[in-house]
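Residue-level structural notes
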Amino acid sequence: MNSLDPADVFRQEASELFEVLEGALLDLTLRPDDRELVDTAFRALHTIKGSGAMFGFDKVAAFTHEFETAFDLVRKGEVKPTKELISVALSAKDFIRSLIEMPESTDSIIGEAILAELQQFVKTDKPAASPEIVSAPAAMEVQPAGWRLHLEFASHILCNGTNPLDLLDDLRKLGPCFAIALTDGVPLLDDLEPEQCFLKWDITLHSDCDKSVIDDVFMFVQDEMTLTLAPLVYSEDAVATPLVPVLPDVMFCDGRSASTAAEQSAALPQPEVKRGEARRTDDRGIATVRVQAERLDELMDRVGELVIAQARLTQLAAAGDDLSIKMIAEEIERLASSLRDTTMGARMVPIGSVFGRFRRLVHDLSLDLGKPVEFVTAGEDTELDKTMIESLADPLVHLIRNAIDHGIEDTATREAAGKIEQGRIELVATHAGAQVLVTVTDNGAGLNTARIRAKAESLDLIASGAIMSDYDIHQYLFHPGFSTAEKVSALSGRGVGMDVVKRTIEAMRGTIDLSTTPGLGTKVTLRLPLTLAIIEGLLIRVGEGRYIVPLSAVEECVELTAADERSRGRHFLNVRGDLVPFLKLRDLFGTSDSSDMHQKIIITSTGDTRVGLVVDQIIGNHQTVIKSLSKLHADVTMFSGATILGDGSAALILDVVQLVALAQAQSEKQQAA
Amino acid sequence: MATILTVDDSPSIRQMIKVVLGPAGHNVLEAGDGAQGLETAKSAKPDLVITDLNMPVMNGLELIKALRKQPSLLGLPIVFLTTESNDATKQEAKAAGATGWITKPFKPEQLLAVVSKLVRA
């Protein structure tokens, strides 16, 4: 059983609830009449309030209570969820969030201001003060020696799960207790309903407890019973009048267990007798377990080591003749690979958790800039490694910010261009093989190629007059310090430029691509690997060295024909009619020993570009546990990491993106020559 | 040891209940909404159900009514959690067949007190 601190669970849960709340509030701006949305928002608030109070977040509970009270009017339909109201509600949500996340640095004045604003919209008569739960009934003035009780229960209480005998047991805990069961209400056997309670009781309790203590015993059934209580003064004889003067048929005395007594009384139904035996420890219904992210990371590391050890075993087994060891090695290989998949699966999180944040971003930006923007998302349930999702948030914020700030034109311009007034931003995630594609598409003006070019020229990045494709010019957007925005708006200047976006994405072994249609919009495509920790790789040999090419980048393998080999100086390959540039890794790595007779070409692709890599030998598939290179190798561009092979030696992982860029540069040089 | 089913859409409440009742020797089962709760109750036959009222899919009132219709769960004590101290909610839940209630926010002792009231060792 895990023993997570409930307060931490609350924090985590609260942040999920905030997303739900925010989502519902934003949806309300589009569909103000949707009852379901109001209910969802209300429920989220309600839970935050209830749980907050329990885990010591008193300010949160008090503030949320006010918020909830106001929102209750919306739920009841008395107040319309106008855009203005939603705006205030969103800032109230932000305030609660900071109360939870940074309780020290959150100023309650802000909260009061938000509440005041909220009150204006909903005009409640209630003052902004948290209500106290009324409790503590008045104490008894006289301390009696005991109590006389007369109990009559509603006949259905057994069905409602109340066992009167338990209540009698509770009374016994208060002091010596003498109970008389009154059976006059019990019908004849033919008319007896076993699920109904017909018994009444007269009880004498010797205890100096308060009346409220006795009330507490019956607190759940107070409405379903008549309880007559009279103090017992000093001794039983002093108050001689019994409350109900009936002769007892059965007596329940102090020392006897209630259940034996129950068995003797045929009138008493026993719906619960068998329940204890029929117990099953069935844990269905537990659908999810929360695990700390570090533990998952640790698990992934261990699995990585296991995969390496397994590779060594497989290699040893393959070298020997022992068939049984080979079988074990195969079995372990199979297990390790499914363990790897399971572990990676456990780290996968739907990307929708990040998407939710952007709706707010778009909402706020579109208000700030006065550009009405519709935000559409798709593929929220596409799963990605948790760590990647986290590092993906900032780049996406930047891309969406750019799309609204620079992409979407202002209303006047749009009208002049004959476009609909409302801009549109689409955020879509899809699976593509071992990769996930995330695209941000806007229907704005598209990239202004001429302006980018002018800027690049002014920065001396391009010689003026050089002939360049639009695509190449657009790549300058990823250049550090490159901005075509004429004035710095409040939205820019956050220290994240497109170059940082590109670097972040490439650090995740992903790629970023821009495509644009003038007047119609821009589309940014991020291609990301499914996971960071273990990839499928293609093990190759160049000279003596062994290298890994990420399998996700490999399109096909072909043989380097003598004809291709002969065309020296023109490193192009004819692949079914397409010219594909190729790189000789031997030349690139400075391999000196003689090359193999039949060299192979691996056709790799990133985005729309294909490049062939000439290698000596293709060894085969390899489950690659990625180890990052040390800081000393930070400048190495051709390799993205390393891995340990089965025999303990290291192999470098090729950075296909960089190699493609290199090949392109080379082919351009050749074209220019 | 008793088997106690907690039905709440809030994991932190469920966790809280688990943290309090687990060490007290109870086997705590969890369900995230009424529909799940009903299924778990049917299969696990708990000794006590602690349910929230405000839940998605199937709310607490519906769950209580549904549980009361189960012949195999006759006399099962059902406690509901409520933040409102107002009586209307309580009456409604009681009428649906609830045995008792716990007012949120509650302290661990209060929870234990209610459980020991309704569950006998």
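Residues numbered from 1 in each chain as written. Chains lettered and ligands numbered in written order. Predicted model: local features only at pLDDT ≥ 70, side-chain atom pairs only at ≥ 80, totals over all residues. Heavy atoms only, no water.

1. Side note on the pairing of strand β18 (residues 600–606) of chain A
Residues and elements named next belong to chain A. Of all seven residues that make up β18, six are buried, and the element is covered over most of its length. Sheet topology places strand β15 (residues 554–559) next to β18; five bridges connect them, and they run antiparallel. When the sheet's bridge partners are listed, Val554 is paired in β18 with Thr604. Taken together, the seven bridges between β18 and strand β19 (residues 609–615) define a ladder with antiparallel strand orientation. Note on β19: the bridge partner recorded for Ile601 is Val614. (Buried < 20%, exposed > 50% of the residue type's maximum accessible area, 1.4 Å probe, protein only. Helix = DSSP H or I, 4+ residues; strand = E, 2+ residues; numbered from the N terminus. Pairing = 2+ DSSP bridges.)

2. A word on the layout of surface pockets
In this structure, the largest pocket occupies an estimated 1,600 Å³ of space. Gln12, Ser15, Glu16, Arg290 and Ser353 of chain A are the residues nearest the centre of the largest pocket, which is lined by 44 residues in total. Mapped by element, the contributors of at least two residues to the lining of the largest pocket are α1 (6–30), α2 (35–54), α9 (293–319), α10 (323–347), β6 (348–350), α11 (352–369) and α12 (386–407) of chain A together with α1 (11–21) of chain B. With 13 residues, α1 of chain A is the largest single contributor of residues to the lining of the largest pocket. Partitioned by chemical class, the residues of the lining of the largest pocket number 19 nonpolar, ten polar and 15 charged. (1 Å grid on protein atoms, 1.4 Å probe; cavity = no way out; pocket = protein on both sides within 12 Å on 5 of 7 lines; lining within 4 Å. Points joined across faces, edges and corners; volume = space filled by probe spheres on them. Nonpolar A, V, L, I, M, F, W, Y, C, P; charged D, E, K, R; others polar.)

3. Topic: the packing of aromatic side chains
Residue and element names in this part refer to chain A. All told, the structure shown has seven aromatic pairs over all chains when counted by the stated rule. Where Phe153 meets Trp201, the ring centres are 6.0 Å apart and the plane angle is 70 degrees; that geometry is what we call edge-to-face. Note that Phe153 is positioned in strand β1 (residues 146–153) and Trp201 in strand β3 (residues 200–205), a separation of 48 residues in sequence. Using a relative accessible area of 9% as the deciding quantity, one classes Phe153 as buried. With relative accessibility at 0%, the residue Trp201 sits in the buried group. Consider the rings of Tyr547 and Phe589, whose centres lie 4.7 Å apart with planes at 35 degrees: the pair is tilted. With Tyr547 in strand β14 (residues 545–550) and Phe589 in helix α18 (residues 585–589), this pair connects stretches of sequence that are 42 residues apart. For Tyr547, a relative accessible area of 12% gives the class buried. (Phe/Tyr/Trp six-rings, centres within 6.5 Å; stacked < 30°, edge-to-face > 60°.)

4. Overview of the packing of helix α2 (residues 34–44) of chain B against helix α3 (residues 60–68) of chain B
Residues and elements named next belong to chain B. Contact pair α2 / α3: the axes reach a minimum separation of 9 Å and the direction vectors enclose 25 degrees. Our classification of the angle between α2 and α3 gives roughly parallel. In the crossing of α2 with α3, the sense of the turn from one axis to the other is right-handed. Taken together, the residues of α3 that come into contact with α2 (itself represented by Gly34, Gly37, Leu38 and Ala41) are Leu63, Ala66 and Leu67. (Axes fitted to C-alpha atoms, helices over the stretch in contact; angles between N-to-C directions. Parallel < 35°, antiparallel > 145°, perpendicular 65-115°, else oblique. Left-handed = near helix turned anticlockwise from the far one by under 90°. Contact = heavy atoms within 4.5 Å.)

5. Digging into the pairing of strand β10 (residues 435–442) of chain A
Residue and element names in this part refer to chain A. Judged by how many residues are buried, β10 sits mostly within the fold: seven of eight residues are covered. With eight bridges joining them, strand β9 (residues 423–432) and β10 adopt antiparallel strand pairing. Along β10, the bridge assignment pairs Val428 with Thr439. With eight bridges connecting them, β10 and strand β12 (residues 521–529) associate as antiparallel partners. The partner of Thr441 across the bridge, within β12, is Lys523.

6. Points about the nonpolar core
Ranked by size, the top nonpolar core spans 85 residues in total, and within it Phe71 and Ile96 of chain A together with Ile17, Leu21, Ile50 and Leu111 of chain B carry the most contacts. If sequence neighbours within four positions are ignored, Ile17 of chain B has contacts with Thr6, Gly22, Val28, Ile50, Leu81, Phe106 and Leu111 of chain B. In this structure, Leu396, Tyr476, Ile505 and Leu528 of chain A belong to the second largest nonpolar core, which totals 44 residues. (Core = buried A, V, L, I, M, F, W, Y, C linked by side-chain atoms within 4.5 Å.)

7. Examining the interface of chain B and chain A
Each partner contributes residues to the interface: chain B has 46 residues there, and chain A has 50 residues. Summed over both partners, the interface of chain B with chain A buries about 4,200 Å², with 54% contributed by carbon and sulfur atoms. For chain B, the biggest contributors to the area lost against chain A are Leu74, Lys117 and Arg120 of chain B; these three give 15% of the whole. Among the ionic pairs, Asp170 of chain A bridges to Lys117 of chain B, the shortest N-O distance being 3.8 Å. Secondary structure elements with two or more residues in the side of chain B that touches chain A: α1, β2 (27–31), α2, α4 (87–96), β5 (100–103) and α5 (108–118) of chain B. At seven residues, the largest contribution of residues to the side of chain B that touches chain A is made by α1 of chain B. Here the residues of the side of chain B that touches chain A are counted per class, giving 20 nonpolar, 15 polar and eleven charged. (Buried area = accessible area lost by both parts, 1.4 Å probe. Salt bridge = Lys/Arg side-chain N within 4 Å of Asp/Glu carboxyl O.)

8. What about empty space enclosed by the protein?
Tallied over the entire structure, the rule returns three cavities of 30 Å³ or more. Lining of the largest cavity is provided by Gly161, Thr162, Asn163, Asp166, Leu167, Val217, Phe220 and Val221 of chain A together with Thr99, Lys117 and Leu118 of chain B. Going through the elements one at a time, α6 (164–174) of chain A together with α5 of chain B are the ones with two or more residues in the lining of the largest cavity. For the lining of the largest cavity, the per-class residue count stands at five nonpolar, four polar and two charged.

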